[in-house]
Amino acid sequence: MMKDSEKPGKSDMSEQRKPVMIFPMIQPGFTAGRMGREVPLNLPAITQSFVVDTLSTAVGMVPVVDSRLTRQDHVGSLKARFGIGRMNYRVDPGLYALGRPDESAPVLVSANYKLSFDCLREALPGRTAWILVLDTNGINVWCAAGKGAFGTEEVVRRLRSSGLEKLVKHRRLILPQLGASGVAAHEVRKQTGFAVSYGPVEARDLPAYLDAGMKATEAMRRKNFPFRDRLVLIPMECLPALKPLFLLTLFFLIAGGIVQGPRWTVEPTLNSGIFMTFALLGAFFAGTIFTPAFLPWLPGRAFSAKGLCPAWIVVLILLESRLTFPLSLPRVLESFSVLFLVPAAASYWAMKFTGSTPITSLSGVRKEMRRALPLQIAGALIGLGCWAAAKLLRVL
Amino acid sequence: METLMYLDNVVTLRLDEEKCIGCGMCLEVCPRTVLSLEKGRARISNRDACIECGACSRNCPVDAFAVGTGPGCATAVINSMLGRRGECCCSLDDGDEKGGGSSSCCC
């Protein structure tokens, strides 16, 4: 049994008894003292693959990182973009050194999604800085700020546990501007004495921002959504849509082969089944690839409307290939089916892209969905109805 | 480059210009240039560009803003309608979720 006086956390404890034993190299008594509650110092692991060196400091061994990304970093980024291990692509939260920063080096705050962290250090070749990585559960700055994980509380907590106030003589943090929806700058200052400056939206503007004495131009403050930014998001639009696409394709291929009898034959599978498969693939392409890529040029404001234009092009191509002579009723019905199914599916998939863009509001999405979702469901039902009617005519 | 615009007349952003002290913090954090500073006071000059991220409201030292924030994400709205919430970032927390920051993303 511990005696009362030996229990950690007692506030009236004498100075030499303060139990801080998270890292053996930190002497007892070394806590982020002045800034309020005592928080044990905590440094990120130096065994992480991207740590190139260590910096011996007053608070312990700070992992050093480089602005050059290695092949491994690039492969990791690519995998994350394609959803492989994406939810666990993290770095240890805490303090890092970019190069060999001194006591006047700027402090840059980031999220512990490795893509965010890499993006930041890659933007700063030949510069030194302290990088304070917040624990955002491996989520990027923007999304984590929206959810509050990249928030005032975490900035304060991480600042205290980093021992940063012993390493820099200034009292300023530079946060990414997109973190502002989670962090109240005045609150951070009140609680820690550190002033918060919001840096540019894009990490690549950081050098210019720093050189201008931490002044961002208006362009640096605006979040744009250029072609390239939309393109890298496309894989994560496609992948979640693959499962329904596969199941529907399977359904149409199997059901397509049912003929009079009823029995199952190959010829109609190849004919009607493949036709429906192309229709689905067309809707998939229109909604998850074409719409994100060409977003600014598609007519309409609502995403569900933007998805219609490419869908109709797909429908035209399908009808052109299907409505050939001699016409039969099942064929016409099948064509009617894609006339409804393809726009409904493409519109739905296009609407899902709202979540990946920096231009939509929740109120707007709610309004769009109130109108679009019933129409999409109706379109899908009518399409399936036509297809089922065509099927019945063939089977009976 | 012209700003990509979403729907008109839906945004919930409100500014109490009486409260404003003209510090300009909201202009600094807004990623969509929704606000401007006129005669020492902030003004909503491009309301429809607002994406309800809440950065202005969060960083306003005098609480002059009111905005219903949340992800402008159809998947999140669908997940909420289906009752899926909590373990996924693609859900809306309407204030009844505890913690709020303990989500892991799946979208």
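Read on for a plain summary of the structure. Along each chain, residue indices are assigned from 1 in the same order as the chain's sequence is written. Written order decides the labels, with chains lettered from A and ligands numbered from 1. Owing to the predicted nature of the model, reporting of local features is limited to residues with pLDDT of at least 70; listing and counting of side-chain atom pairs is limited to 80 or more, with chain, interface and lining totals taken over all residues. Computation of side-chain values: all heavy atoms of the structure, hydrogens and water removed.

1. With respect to unusual backbone geometry
Argument step 1. For Met214 of chain A, which is not glycine, the phi torsion reads 60° and is therefore positive.
Argument step 2. For the exposure calls, accessible area comes from a 1.4 Å probe over protein chains only, and a residue counts as buried if that area is under 20% of its type's maximum, exposed if over 50%, partly exposed in between. The exposure class assigned to Met214 of chain A is partly exposed, which follows from its relative accessible area of 29%.
Argument step 3. Of note in this structure, Asp63 of chain B is not a glycine but carries a positive phi near 55°.
Argument step 4. In DSSP terms, a helix is any run of H or I states spanning at least four residues, a strand is any run of E spanning at least two, and both are numbered starting from the N terminus. Residue position: Asp63 of chain B is located in the loop between helix H2 (55–59) and strand S4 (65–66).

2. Re the state of the cysteines
All names here are of chain B.
Argument step 1. Here, the term disulfide refers to a pair of cysteine sulfur atoms separated by no more than 2.5 Å. Scanning all chains against the criterion turns up zero disulfides over all chains.
Argument step 2. Its sulfur unpaired, Cys30 is 6.5 Å from the next cysteine sulfur, which belongs to Cys53.
Argument step 3. Assessed through its relative accessible area of 11%, Cys30 is described here as buried.

3. What to know about the interface of chain A and chain B
Argument step 1. Listed by partner, the interface residues are 46 residues for chain A and 51 residues for chain B.
Argument step 2. Values labelled buried area give the accessible surface lost by two parts on being combined, using a 1.4 Å probe and summing over both. Both faces combined, the contact of chain A with chain B buries some 4,200 Å², and carbon together with sulfur accounts for 59% of it.
Argument step 3. Note on definitions: salt bridges are taken to be side-chain nitrogens of Lys or Arg within 4 Å of carboxyl oxygens of Asp or Glu. Seen at the junction of chain A and chain B, the total is two salt bridges.
Argument step 4. Residue Arg221 of chain A is joined to Glu28 of chain B by a salt bridge in which the shortest nitrogen-to-oxygen separation is 3.6 Å.
Argument step 5. Under this definition, polar contacts are N or O atom pairs within 3.5 Å; protein pairs additionally need one hydrogen-donor-capable and one acceptor-capable atom, and for neighbouring residues in sequence, both atoms have to be side-chain atoms. Between chain A and chain B we count 18 residue pairs in polar contact (both at pLDDT 80 or more) in total.
Argument step 6. Secondary structure elements with two or more residues in the side of chain A that touches chain B: helix H3 (141–147), helix H5 (185–192), helix H7 (218–221), helix H13 (329–352) and helix H14 (362–395) of chain A.
Argument step 7. Top element by residues in the side of chain A that touches chain B is H14 of chain A. It accounts for nine residues.
Argument step 8. Amino acids outside the nonpolar list (Ala, Val, Leu, Ile, Met, Phe, Trp, Tyr, Cys, Pro) and the charged list (Asp, Glu, Lys, Arg) are all regarded as polar, and Gly is one of them. Here the side of chain A that touches chain B is built from residues that sort into 23 nonpolar, twelve polar and eleven charged. Residues are treated as being in contact if the distance between any of their heavy atoms lies within 4.5 Å.

4. Details of the packing of aromatic side chains
Residues and elements named next belong to chain A.
Argument step 1. Only the six-membered ring of Trp is used, alongside the rings of Phe and Tyr, when aromatic pairs are assigned; centres must lie within 6.5 Å, and planes under 30 degrees apart are stacked while those over 60 apart are edge-to-face, with the rest tilted. Within this structure, the stated rule accounts for 15 aromatic pairs over all chains.
Argument step 2. Taking the centre distance of 5.8 Å and the plane angle of 90° together, the rings of Phe284 and Trp349 count as edge-to-face. Here Trp349 lies in helix H13 and Phe284 lies in helix H10 (residues 266–293), a separation of 65 residues in the sequence.
Argument step 3. Taking relative accessible area as the criterion, Phe284 reaches 10% and is therefore assigned buried.
Argument step 4. What makes Trp349 buried here is its relative accessible area of 8%.
Argument step 5. Judged by centre distance (6.2 Å) and plane angle (55°), the rings of Phe285 and Phe290 are tilted.
Argument step 6. In this structure Phe290 comes out as partly exposed when scored by relative accessible area, which is 24%.
Argument step 7. Members of the aromatic cluster, joined through ring pairs, are Phe227, Phe285, Phe290, Phe294 and Trp297.

Shape is all these values report; function is a separate question.
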